[in-house]
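As a plain string of letters, each chain reads:
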Amino acid sequence: MDEYVLMPLSALGVYFHGVFVSLTFGLPVAIGAMLWKWWRSGEVIYLRAARIMTAVLAVNFALGAIFGTLVEFGLVQVWPGVNLAIATFAFTPLVLELIAFSNEVAFLILFIVTLGKVRPPVSLAILAVYAGFAYFSGVLITAVNTWMQAPWGTGPLAQALYPFMPEYGPLAIDVPKIVALKVAALAAGHPISILVQQPGLSGKVGVVLTDHAVAMYSPYALVSIFHNIIGATLIGLAVALAGWSYRYFKTGDGKYLKIITPIATIFAVLFVIQAPIVAHFMGEAVAKYNPTKFALIEGAKETYYNPLIAWLAYGDPNHPIVGFDRLYASCEKHGDTTLGDVAAALGLGEYLSQLGDVDVSNVAALKLRDLCVSDLQKAESRMPLLHSAYYVKVTFAILGGLAAAVLFFNFVKAPGLTALARKIVSAIGGERRGLFLLALLTVLGTVIPAVAGWAVREIGRKPWSVYGLLYPSELVTPVPYATSPGFLAFAYLTILAIGFGGLYAMYLVATREFKFLELLKKGAGVG
Amino acid sequence: MDAVFLGFAGLGLAVVLHVVFTAMTLGSGLLSAWARHMAVKTNDGWYELFARKAFKILIVSELFSGVWGTIITVFLAGFFTALTTLATNTLFIPIAIAIAAIMVRIPAIAISWYTWGKIKPSTHVLIMWIMAISGFFVPFGFRAVFAEINYPMAVGHYLQTGLNPGFMPYANPLFWTLYLHTVAAVISTGGFVVASLLALEKDVRGVKVGVRVGLVLLLAQFALGPLYWFSLGQYSPLLYEAVNTTYAPILGVKLLIIAALAVLAFKTLTSVKRGEVNVAKWLGPLALSTVVLGEVLNDGARYPNMVLIEKTGLPVELFANFYMEIPMPVVYVTLAFLGLSIAAFAAAAYFAIYKRFVAEVPEQ
């Protein structure tokens, strides 16, 4: 099974999900701002704006939900080895996510149905409940994703294989049982799901995880949650900002400025929280928990010194930027220890016998040092891509931040800064064109960092799917059809058609007037 | 409560609710697409209004229906790890068909509603048909899984040979009878639900259309239901026996309701000639209750087994998750919050359909 042809397919689904989830997170903030203004001012323009964005949100939510379904099914179907994680580390977050998702949907429907029919504060309250559950969903899904980046609760297990890795929290697993499952799959040369699918196996193996909630209190998860949710919210707000700025650009109607102002203000405030604060803690977490990823993004083939990066990443300007040379060197700590030695030390024989007639002699001679070096080589091969992606992300985030600052001070008066902002707006084509261009820049300054950031996050943990523990080949489906050209073509076409078709439909919903209602009015006897 | 039983019961609850919602939306979606098509073809405004009214059922409930599909997936993977892994490794093609259909269906519903009146009617009709037809591919995928649970022909082939069975689930002798039974049931239910809804609005012509569709497919069920029942007797004797003994009271109630449904439907067709539609209000709830009972028989009667191999049953415990102690408080809290979501959804449906907050003619 060539798992590498399935990774881009999964990535495509995740990216589309990310696009729609971003709007799901960002649009409620913009709609909420409009409802607030409508409540306080009574001006119907705000209600109309809220209605248009709600229609877009509804179509967007349907698309986000089905791409979420795709990603979820993609996990259990294309990567069925993940089922073992769903049954253990991801169980509690995913069961709690049902609370979030079901209530998110129910309150969204309630909001859509009652918008304009109930008082603004009631609509605002329903919207807030909906958004609260939506963000809670984001928290839980991010916790699950983060467990794959830093498998919290596995303690020193990854470090035992890769000495350069840190410990991942407390040891909440039964190490011999987990290792036996991995070794058995490795020895048999098939994915782990071939073992997991056996009826009665889980009863024989018994408890492998002792703390069901361990994935949720990882420090890496905490910072990832803030980073991902604020990042997604910013994208949604930027898209709304660009949409309304485009209308202002085309019409010059001042009413659109009333809509743009609160959205731009909220965007700028959130950006200040995200870029310098949350992103900094995210970087620190990567440096601490994903040493290969950090070396890749900093292009550190060799260890080097850079006071600024070191201060940002480690809080110490004298700390070296640890490169692959040191990581390779740490593999030597294994000496000539083999997998067979590990199996004997852990007493795996008893556990392997529970898994059936498993012969591990073919992998017993595998040296841990060779495994460590080989995996580092696989990681290092991705350095040009990861290093470029990371700095593209940083560059566009800076541009987005600058655009956000100009927009903010254009609308919010501050001595000196407002005059400067207005000069900049004027210099790039006057108020109508300038505001639109700046809004476009906020889109680029959030979307490109998000796209590049996800690439860094996901590709950066390779060659493992679960960092330091499991490879994609151990989790991939054994079904040959999954990599057949026919299935891949079908899957790509379906995803692309629905993704782009959905985006176009959202554009139509946002921009087209009702032109073909005569028949309906005739039927209803109203026109 | 035992975690394994809780998992089975939770899964059962999710399946039943999911099936109730899909039974409503698949049939009403088909009716709505047909009416929209007729409206454009004949330039008759009544069809257009009928299509829009029937569509309200979808726009309110389709996403919530999807929620229960997600709950099924999480319960399966979390509580019944081996079963889910075996199913995905074996029944890859049917599951892929179902997923592709879901991906087309749900956005097509949202797009149909929010572009109504904004794009060319002929294009809109096409989207409506895509929406309606794609829905029937969802059970085309998932009913193959159900057929295999009751008679694991393709799974058996896989376990014996190690070869993926590909399209073999569609040669399962239980599949086609189950699928056709399902298709007829959802169209019939959709017709009756639309009739009930329009009875609230005293729309005599609409009630007549809904009842006619519901009744024709209900009559088809008089052949398809027994056919499925006989095929269970031949290929899944354990389930057949449970349905006819332990679960016989439920089967009996279901048959009584079907009879009542048929009588009420005929009565409605007579009374609509006089412009009376009150009796039609009961058709939707009755049809939905037959769906619930049918699914309890099809799935619940399997307990304490999960998979049936002719006269042998593989108990639920064989597929259950023992990799960790299931955190029962987490599951109970989740079930309680699912109750909250049902309450919020019920309020939305009440305002949308009964209080008519969702306008037939969109506000400009």
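Residues numbered from 1 in each chain as written. Chains lettered and ligands numbered in written order. Predicted model: local features only at pLDDT ≥ 70, side-chain atom pairs only at ≥ 80, totals over all residues. Heavy atoms only, no water.

Novice: What should I look at first to understand the overall build of chain B in this one?
Specialist: Scanning chain B for helices and strands turns up twelve helices and two strands. For chain B, whose C-alpha radius of gyration is 21 Å, the value lies close to the compact-globule estimate of 21 Å for 364 residues. Projecting the C-alpha coordinates of chain B onto the three principal axes gives extents of approximately 60 × 40 × 40 Å. In chain B, buried positions account for 65% of the 364 residues. Partitioning the intrachain contacts of chain B with sequence separation of at least 6 by distance along the chain shows that 80% fall at a separation of at least 24. On chain B, roughly 13,100 Å² of surface is accessible, and the fraction owed to carbon and sulfur atoms is 72%. For chain B, the separation between the mean place of its 22 positive charges and that of its 16 negative charges on side chains is 15 Å. (Helix = DSSP H or I, 4+ residues; strand = E, 2+ residues; numbered from the N terminus. Rg over C-alpha atoms; globule rule 2.2 N^0.38 Å. Buried < 20%, exposed > 50% of the residue type's maximum accessible area, 1.4 Å probe, protein only. Contact = heavy atoms within 4.5 Å. Areas by Shrake-Rupley, 256 points an atom, 1.4 Å probe, with all protein chains shown as cover. Lys, Arg positive; Asp, Glu negative; His and termini not counted. Charge placed at Lys NZ, Arg CZ, Asp CG, Glu CD.)

Novice: How do you make sense of the overall build of chain A when you look at a structure like this?
Specialist: For chain A, the count of helices and strands is 24 helices and two strands. For 527 residues, the compact-globule estimate of 2.2 N^0.38 gives 24 Å, and chain A sits close to it at 26 Å. If you line up chain A on its principal axes, its C-alpha atoms span 80 × 60 × 40 Å. Going through the 527 residues of chain A one by one, you find that 57% of them count as buried. For chain A, the accessible area works out to roughly 20,200 Å², and carbon and sulfur atoms hold 68% of it. The average position of the 35 basic charges and that of the 29 acidic charges among the side chains of chain A differ by 20 Å.

Novice: What should I look at first to understand the packing of helix 14 (residues 324-331) of chain A against helix 18 (residues 368-380) of chain A in this one?
Specialist: How two helices pack is summed up by the angle between their axes together with the distance between the axes. All names here are of chain A. Interaxial distance between helix 14 and helix 18 falls to 8 Å at its minimum, and their mutual angle equals 160°. Our classification of the angle between helix 14 and helix 18 gives roughly antiparallel. Helix-helix and strand crossings are classified by hand; for helix 14 and helix 18 the assignment is right-handed. Here F324, L327, Y328 and C331 of helix 14 come into contact with helix 18, specifically with R369, C372, V373, L376, Q377, A379 and E380. For the contact of helix 14 with helix 18, the per-class residue count stands at eight nonpolar, one polar and two charged. (Axes fitted to C-alpha atoms, helices over the stretch in contact; angles between N-to-C directions. Parallel < 35°, antiparallel > 145°, perpendicular 65-115°, else oblique. Left-handed = near helix turned anticlockwise from the far one by under 90°. Nonpolar A, V, L, I, M, F, W, Y, C, P; charged D, E, K, R; others polar.)

Novice: Would you take a moment to explain the side chain of T292(A) for this structure?
Specialist: Residues and elements named next belong to chain A. Position of T292 among the secondary structure elements: in helix 12 (residues 291-297). Judged by its relative accessible area of 0%, T292 falls in the buried class. For T292, the side chain forms a polar contact with the side chain of Y467, separated by 2.5 Å. Not counting chain neighbours up to four residues away, the residues in contact with T292 comprise F164, F324, L327, L376, A379, G460, W464 and Y467. (Polar contact = N/O pair within 3.5 Å; in protein donor to acceptor, adjacent residues only side chain to side chain.)

Novice: Is there a simple way to explain the interface of chain B and chain A in this structure?
Specialist: Note on interface size: it is often stated as the accessible area lost on association of the parts. Between chain B and chain A, the contact holds 86 residues from the first and 85 residues from the second. Summed over both partners, the interface of chain B with chain A comes to about 7,700 Å²; 76% of that surface belongs to carbon and sulfur atoms. Connecting chain B to chain A are zero salt bridges. Run the count over chain B and chain A and you get 20 residue pairs in polar contact (both at pLDDT 80 or more). Here the element with the most residues in the side of chain B that touches chain A is helix 2 (residues 45-79) of chain B; it accounts for 17 residues. In terms of residue class, the side of chain B that touches chain A is built from 60 nonpolar, 18 polar and eight charged. (Buried area = accessible area lost by both parts, 1.4 Å probe. Salt bridge = Lys/Arg side-chain N within 4 Å of Asp/Glu carboxyl O.)

Novice: Teacher, can you tell me more about the packing of aromatic side chains here?
Specialist: What describes a pair of aromatic rings is the distance from one ring centre to the other and the angle between the planes of the rings. Counted under the stated rule, the structure contains 55 aromatic pairs over all chains. Aromatic pair F107(A) and F133(A): ring centres 6.1 Å apart, planes at 20°, arrangement stacked. With a gap of 26 residues between them, F107(A) in helix 4 (residues 91-114) and F133(A) in helix 5 (residues 120-149) connect regions that are remote in the sequence. Here F107(A) matches F133(A) in class, with each residue buried. Centroid distance Y246(A) to F249(A): 6.5 Å. Interplanar angle 50°. Geometry classified as tilted. Taken together, the residues span about one helical turn, with Y246(A) and F249(A) both in helix 10 (residues 219-251) at a distance of three residues. Relative accessible area serves as the criterion here: at 38%, Y246(A) is assigned to the partly exposed category. For F249(A), a relative accessible area of 23% puts it in the partly exposed group. Across from the ring centre of Y471(A), 5.5 Å away, lies the NZ or CZ of K378(A), which sits over that ring. Seen from the ring of W116(B), R52(B) lies directly overhead, with NZ or CZ sitting 5.0 Å from the centre. (Phe/Tyr/Trp six-rings, centres within 6.5 Å; stacked < 30°, edge-to-face > 60°. Lys NZ or Arg CZ within 6 Å of the ring centre and 35° of its normal.)

Novice: Quick question: what am I supposed to make of the packing of helix 7 (residues 175-200) of chain B against helix 11 (residues 283-299) of chain B here?
Specialist: All names here are of chain B. Here helix 7 crosses helix 11 at 155°, and the two axes come no closer than 7 Å. With respect to each other, helix 7 and helix 11 are oriented roughly antiparallel. Where helix 7 crosses over helix 11, the two elements pack in a sense that is left-handed. Within the contact between the two elements, helix 7 uses L178, T189, F192, V193, A195 and S196 and helix 11 uses L283, G284, P285, A287, L288, V291 and N298. Within the contact of helix 7 with helix 11, the residues separate by chemical class into nine nonpolar, four polar and no charged.

Novice: Looking at this structure, how should I read the pairing of strand 1 (residues 305-309) of chain B?
Specialist: A regular strand carries its side chains on alternate faces of the sheet. Residue and element names in this part refer to chain B. Of all five residues in strand 1, four are buried; the element is thus mostly enclosed. Bridging between strand 1 and strand 2 (residues 312-315) involves four bridges; their strand directions are antiparallel. Bridged to V307 within strand 2 is L314. Adjacent in sequence and paired antiparallel, strand 1 and strand 2 are bridged by two residues, among which E310 carries a positive phi angle near 50°. (Pairing = 2+ DSSP bridges.)

Novice: Is there a simple way to explain a nonpolar patch on the surface in this structure?
Specialist: All names here are of chain A. Residues L417, L420, I424, I428, L437 and L440 make up a contiguous nonpolar surface patch of about 450 Å² in total accessible area. Considering every element that reaches the nonpolar patch, the biggest residue donor is helix 20 (residues 417-427), with three residues. Tracing the backbone shows I424 in helix 20. (Patch = residues over 30% accessible without salt bridge, like charges linked within 9 Å, V, L, I, M, F, W, Y side chains within 5 Å.)

Novice: What is the right way to read unusual backbone geometry from this model?
Specialist: Peptide bonds are, in most cases, trans, and in most cases residues other than glycine have a negative phi. Residue P463(A) is reached from K462(A) by a cis peptide bond, and omega for that bond is 20°. Relative to the elements of secondary structure, P463(A) occurs in the loop between helix 21 (430-459) and helix 22 (472-475). A cis amide bond links Y303(B) with the next residue in sequence, P304(B), at an omega value of 10°. One can find P304(B) in the loop between helix 11 and strand 1. Located in the positive-phi region is K202(B), a residue other than glycine, with phi close to 60°. Mapped onto the secondary structure, K202(B) falls in the loop between helix 7 and helix 8 (204-235). One non-glycine residue, E310(B), lies in positive phi territory at about 50°.

Novice: Explanation requested: the state of the cysteines in the structure shown.
Specialist: In a disulfide, the sulfur atoms of two cysteines are covalently bonded to one another. All names here are of chain A. If you walk through the whole model with that rule in mind, you get one disulfide over all chains. The disulfide partner of C331 is C372, and the gap between their sulfur atoms is 1.9 Å. Looking down the S-S bond of the C331 and C372 bridge, the torsion is -65°, so its handedness is left-handed. With C331 in helix 14 and C372 in helix 18, the pair connects residues that are 41 residues apart, well separated along the chain. Under the relative-accessibility criterion, C372 is labelled buried at 0%. (Disulfide = S-S within 2.5 Å.)

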